[in-house]
Amino acid sequence: QLYESDRVEKAVADLTFAAGASGFAFVDIRDDQEPDPVTKTVNLTFNVHEGARVYIDKIDIVGNTQTLDRVIRREMLVTEGDAYNKALLDRSKTYIKGLGYFKEGDSGVKVEEKPSASPGKTNILVSVQEQPTGELSFGAGFSSIEKFILDIGISQSNFRGTGQQLQARVQTGSISKEINFSFTEPHFMNR
């Protein structure tokens, strides 16, 4: 195939990810390139220095001013003491983002590996930046039957930082009145 340095860098990143998925957190992969001007080819060798298998020592969560640690931890697919697995950490990051409590983009949720004082172990640092999760709505209308209609609603998708959803809505008119209240516990008894 045609030599392209971008594809070589991507191959190194893919190999690093594959080694991380196998439990090697601090793998060092270097590409050795030997160009042959006569045949106009490049011999490419990937040298993999995988080191020892790594386990997770501690998982630290920072930046959560409202959301409780347990709400974030229950989205993690790895726990302290598990073998390091880059694929599961990336999927955990996606699940945490999916909660909708944190800012969009790379600054909203970051999952990083940090060296541990214990040999053969690594620390995981989960950094989050929270965003508002509440909503207040007002509405007014006119009807030939009801005459004037007023609608007020309030909702919170991360009630008291527990991941619970709370919603209240009042709609009133000259003839009818409607009150809606809902409470959702997404992980009843931690399930």
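Residues numbered from 1 in each chain as written. Predicted model: local features only at pLDDT ≥ 70, side-chain atom pairs only at ≥ 80, totals over all residues. Heavy atoms only, no water.

### With respect to the overall build of the protein
Of the regular secondary structure elements, the protein holds three helices and nine strands. Walking the protein from its N terminus toward its C terminus, one meets helices and strands in the order α-β-β-β-α-α-β-β-β-β-β-β. Expected size for 191 residues packed as a compact globule is a radius of gyration near 16 Å; at 26 Å, the protein overshoots this value by more than 25%. A principal-axis box enclosing the C-alpha atoms of the protein has dimensions of 90 × 45 × 25 Å. Relative to its 191 residues, the protein shows a buried fraction of 26%. (Helix = DSSP H or I, 4+ residues; strand = E, 2+ residues; numbered from the N terminus. Rg over C-alpha atoms; globule rule 2.2 N^0.38 Å. Buried < 20%, exposed > 50% of the residue type's maximum accessible area, 1.4 Å probe, protein only.)

### Focus on the packing of aromatic side chains
For the structure on display, the rule yields one aromatic pair. Judged by centre distance (6.2 Å) and plane angle (70°), the ring pair of Tyr101 and Phe102 falls under edge-to-face. A relative accessible area of 5% means that Tyr101 is categorised as buried. (Phe/Tyr/Trp six-rings, centres within 6.5 Å; stacked < 30°, edge-to-face > 60°.)

### What to know about the sheet that holds strand β6 (residues 134-143)
Here we have four strands laid out as an open sheet, ordered β6-β7-β8-β9, and antiparallel in their pairing. The outermost strands of the open sheet, each flanked by one partner alone, are β6 and β9 (177-184). On average, each strand axis in the sheet is inclined to that of its neighbour by 5°, with strand direction left out of account. As paired elements, strand β7 (residues 147-159) and strand β8 (residues 164-173) share nine bridges and run antiparallel to each other. Across the sheet, residue Phe159 finds its bridge partner in β8, namely Gln164. (Pairing = 2+ DSSP bridges. Axes fitted to C-alpha atoms, helices over the stretch in contact; angles between N-to-C directions.)

### Points about helix α1 (residues 5-21)
For α1, with 17 residues, the first-to-last C-alpha span of 24 Å sits near the 24 Å given by 1.5 Å per residue. Contact partners of the buried residues in α1: β1 (28-36), β2 (41-49) and α3 (86-98). (Expected span 1.5 Å × (residues − 1). Contact = heavy atoms within 4.5 Å.)

### Description of the pattern of salt bridges
Summed over all chains, the structure comprises six salt bridges. Put simply, Asp14 and Lys10 hold a salt bridge, and the shortest N to O gap is 2.9 Å. Here Asp14 pairs with Lys10, and both are found in helix α1, just four residues apart, close to one helical turn. Linked through salt bridges whose partners overlap, the residues forming this network are Lys86, Asp90 and Glu113. (Salt bridge = Lys/Arg side-chain N within 4 Å of Asp/Glu carboxyl O.)

### What about the side chain of Ser127?
With respect to the helices and strands, the residue Ser127 is situated in strand β5 (residues 121-128). Among residues more than four places away in sequence, those in contact with Ser127 are Val62, Gly108, Val109, Lys110 and Glu112.

### Here's the deal with α3
Relative to the 18 Å expected for 13 residues at 1.5 Å per residue, α3 spans 19 Å between its end C-alpha atoms, a close match to the ideal helical length. Those residues of α3 that sit buried are Leu89, Ser92 and Ile96. Along the axis of α3, the buried residues cluster in a sector spanning 55°; they form a single face. Where α3 is buried, its residues contact α2 (69-73), β4 (109-115) and β5. (Arc of directions from axis to C-beta.)

### Brief notes about the environment of Glu135
Secondary-structure assignment places Glu135 in strand β6. Residue Glu135 is classed as exposed on the basis of its relative accessible area of 54%. Glu135 sits 41 residues away from Ser176 along the chain, and the two C-alpha atoms are 25 Å apart. Each residue touching Glu135, except ones within four places of it in the same chain, is listed here: Gly153, Ile154 and Ser155.

### Quick look at the sheet that holds β5
Strand order in the open sheet made by the three strands is β3-β5-β4, with mixed pairing throughout. Single-partner strands in this sheet number two, and they are β3 (55-62) and β4. With strand direction ignored, the average angle separating the axes of adjacent strands in the sheet is 20°. The strands touched by α3 are β4 and β5; relative to β4, the strand with the most contacts, the crossing angle is about 145°.

Structural measurements only, silent on function.
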